[in-house]
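Examining the three-dimensional arrangement
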Amino acid sequence: MTDIAAENPVSTASHADMANAIRVLAMDAVQQANSGHPGMPMGMADVATVLFTRFLKFDPAKPDWPDRDRFVLSAGHGSMLLYSLLHLTGYEDLPLEELRRFRQLGSRTAGHPEFGAARGIETTTGPLGQGLGNAVGMALAERILAARFGDDLIDHYTYAMAGDGCLMEGISHEAIDLAGHLKLRKLIVLFDDNHISIDGPTGLASSMDHRARFAAAGWNTFACDGHNPEAIATAIEEARASERPAMVACRTVIGFGAPNLQGTAKTHGAPLGDDEIAAAREKLGWPYPPFEIPPEVQGAWRATGAKGAAASTAWRSRLAGASDETQAEIARVFAGGLPESFDAEVEAFKRELAADQPTVATRQASGNTLEMLTAALPEMIGGSADLTGSNNTKTKAAVAIDADNFGGTYIHYGVREHGMAAAMNGMALHGGVIPYGGTFLVFTDYCRPSIRLAALMEQRVVFVMTHDSIGLGEDGPTHQPVEHVAALRAMPNVNVFRPADAVETAECWAMALKSTRTPSVLALTRQGLPTLRTEHTAENLCARGGYELMAADGTAHVTILATGSEVSLAAEARERLQADGIGTRVVSMPCFELFDAQDETYRQEVLGPGTVRVAVEAAVGFGWERYLGTDGAFVGMDSFGASAPYKQLYEEFGITAEAIAGAARARL
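Here we summarise the structure given alongside this text. This one's a predicted model, so the numbers in the text were calculated from it and none came from an experiment.

Tallying secondary structure elements over the protein gives 27 helices and 18 strands in all. For 668 residues, the compact-globule estimate of 2.2 N^0.38 gives 26 Å, and the C-alpha radius of gyration of the protein, at 27 Å, lies within 12% of that figure. C-alpha extents for the protein along the principal axes are approximately 90 × 55 × 45 Å. A buried classification covers 62% of the 668 residues belonging to the protein. Total accessible area computed for the protein in this model is approximately 23700 Å², and 49% of it derives from carbon and sulfur atoms. Averaged over its 54 positive side-chain charges, the protein has a centre that lies 1 Å from the centre of its 82 negative ones.

Next up on the list: the side chain of Ser 568. Residue position: Ser 568 is located in helix 22 (residues 566-579). According to the relative accessible area criterion, Ser 568 is buried, its value standing at 14%. A polar contact is formed between the side chain of Ser 568 and the backbone oxygen of Ser 565, at a distance of 3.0 Å. When near neighbours in sequence (up to four residues on either side) are disregarded, Ser 568 contacts Leu 529, Pro 530 and Leu 532.

Applying the stated criterion to the full structure yields 18 aromatic pairs. Judged by centre distance (6.2 Å) and plane angle (70°), the ring pair of Tyr 83 and Phe 102 falls under edge-to-face. A residue pair is termed long-range when its members are at least 10 positions apart, and Tyr 83 in helix 4 (residues 79-89) and Phe 102 in the loop between helix 5 (96-100) and helix 6 (130-149) qualify at 19 residues. A single burial state applies to Tyr 83 and to Phe 102, both of which are buried. Here Phe 214 and Trp 219 contribute two aromatic rings whose centre-to-centre distance is 4.9 Å and whose plane-to-plane angle is 90°, an arrangement assigned as edge-to-face.

Basis of the calculations
- Every chain begins its residue count from 1, and numbering advances along the sequence as written.
- Selection of residues for local features in this predicted model requires a pLDDT of at least 70, selection of side-chain atom pairs for listing and counting requires 80 or more, and totals for whole chains, interfaces and linings are taken over all residues.
- To get the side-chain values, take all heavy atoms of the structure and skip hydrogens and water.
- In this text, helices come from DSSP runs of H or I with a minimum length of four residues, and strands from runs of E with a minimum of two, each type numbered from the N-terminal end.
- Here the globule rule is a power law, 2.2 Å times the number of residues to the power 0.38, and the radius of gyration is based on C-alpha atoms.
- Classification of residues uses two cut-offs on accessible area relative to the type maximum, computed with a 1.4 Å probe and protein chains only: under 20% is buried, over 50% is exposed, and between them is partly exposed.
- For the area figures, the Shrake-Rupley method with a 1.4 Å probe applies, and any residue is considered shielded solely by the protein chains shown.
- Two residue types count as positive, namely Lys and Arg, and two as negative, namely Asp and Glu; His and chain ends fall outside the count.
- In this description, the location of a charge corresponds to atom NZ of lysine, CZ of arginine, CG of aspartate or CD of glutamate.
- As used in this structure description, the phrase polar contact means that two N or O atoms lie within 3.5 Å; if the pair is within protein, one of them must be able to donate a hydrogen and the other to accept it, and residues adjacent in sequence are counted only when both atoms belong to side chains.
- We call two residues contacting when some pair of their heavy atoms lies within 4.5 Å.
- Only Phe, Tyr and Trp rings are paired, with Trp represented by its six-membered ring, and only when their centres lie within 6.5 Å; those with planes under 30 degrees apart are stacked, over 60 edge-to-face, the remainder tilted.

Here it is, written out as structure tokens:
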């Protein structure tokens, strides 16, 4: 297929004029905000101009069309580069007024690019290296969807612009290694090789040969003068022809055009100042006042944006020539919708579970649920950070994706938790797939920056986190999460699910997939648990976050609140209390976030007003206090765990049915 034409737009404006428009908008916006990073946009303006005018396939009038190229500004501190490009090429969300309001409350031009603030921003970047990891996921999604729908409908590049900081961050190693291993040939990294970091020359902290490093990971590497447009174009052409992912080291001068400060760390993260900006205007031959772009330059940039319409229109014509089934499926998966049969299939599966009443670990229950879900949702792409057998994330029918076969549905991420999580974010952002991936819950520490960004970007990413408590046993406190569930619950816009049995696991999976603007963490057990939901209910009870699992016999005096593996302990404690004539309810609380979203009447009804409340969870109690009131009790952990068989650990740390019952009796 033919990409956007590789020639410059017909205009009286030169390449230098167009690149300088980016430079002046960046330094003007940072100066007006009295905050920001002018150096990177000024240094990479030439590279960005060549990329957008000669190579990038995009259409500002159809900013979300599925087969556009993706441009990721991994060096998110240089956000004015992206904002300037989007404004100049004609994206409606970024008129000049938004650039004037750079870094101001309510503007679309935040300090670092934020997905959703304006169309054309493909991902939220700023935490260095994250954009690079996202780009790997985007490129991976492109290959997966090309294998499914054909190159005639899915065939585009992912370009990531990264700086020294991105490549210093550890996540870059994981991302680069994974991309090289999978030979993601439509991924191109444009490295802003300016030799400057905040503290000064990069030589203060690093001696890395980045080209050699990328080559060692299986990439093809190229280099160019980042201020020579023809050299840049030649390097990008070579990168596009590569059969492997490609990195172009663009040797640039940070703050290019600022005569007294360019090439120094002083241009990195502070306004240039009025005098230096005046001197830069003179050096660049730009006599116009702040934020003014001359008509011929604006026209050249608008022509660059307008020519993308031909590519998007041609794609829509090809899509119209596809089968009705293909058209409908592409529309569905890129919209993020679920099949009409989804609820019925989940309900039928729950009915089987209620009848069979398996005693299984919830990680195994999750794997069983995935057998049903992945058959219904071919867009689900699973994986694990080298813990496939432990996480139960690979179904019997799943075929592993590798460099020779992108038609599978499972990714072996290797021991790369951070890279996995960032790539899953990129896949979700790309659209057309639903990513899920697993590791141990304790290693959410390695995934946390990406989980946070998934929440900030409102992306449906499912993190399957097994071995969720001291219940994992002998691996000991290094692997036993204690504070992790509470820490994840503290993060806004993350649904943390801790199901109690196989039925709840199926319901929690259903909610994770229905939560199209919220990432989910499934905290799953290693140890086997009995089925507590033995009577089938068509309603997804977990959808409300908490519900009465067992009513009191007689008047309720005690309410036991629990999650996950401790719900069965709560049921045992209820039996003990009921045997003493103490009416006791059991409330399962698989998801605090969904419960907190219910109306006040429902929440109070479930929590049991007028009853003694006892909460139990094999974790720290942070967060439970809002449900317990001043007189409630918490049975759980207040220290790290230990290495021993799990039943001994529950006894050792006092998380037992008798301890729960005792805590209730003490408050009656």
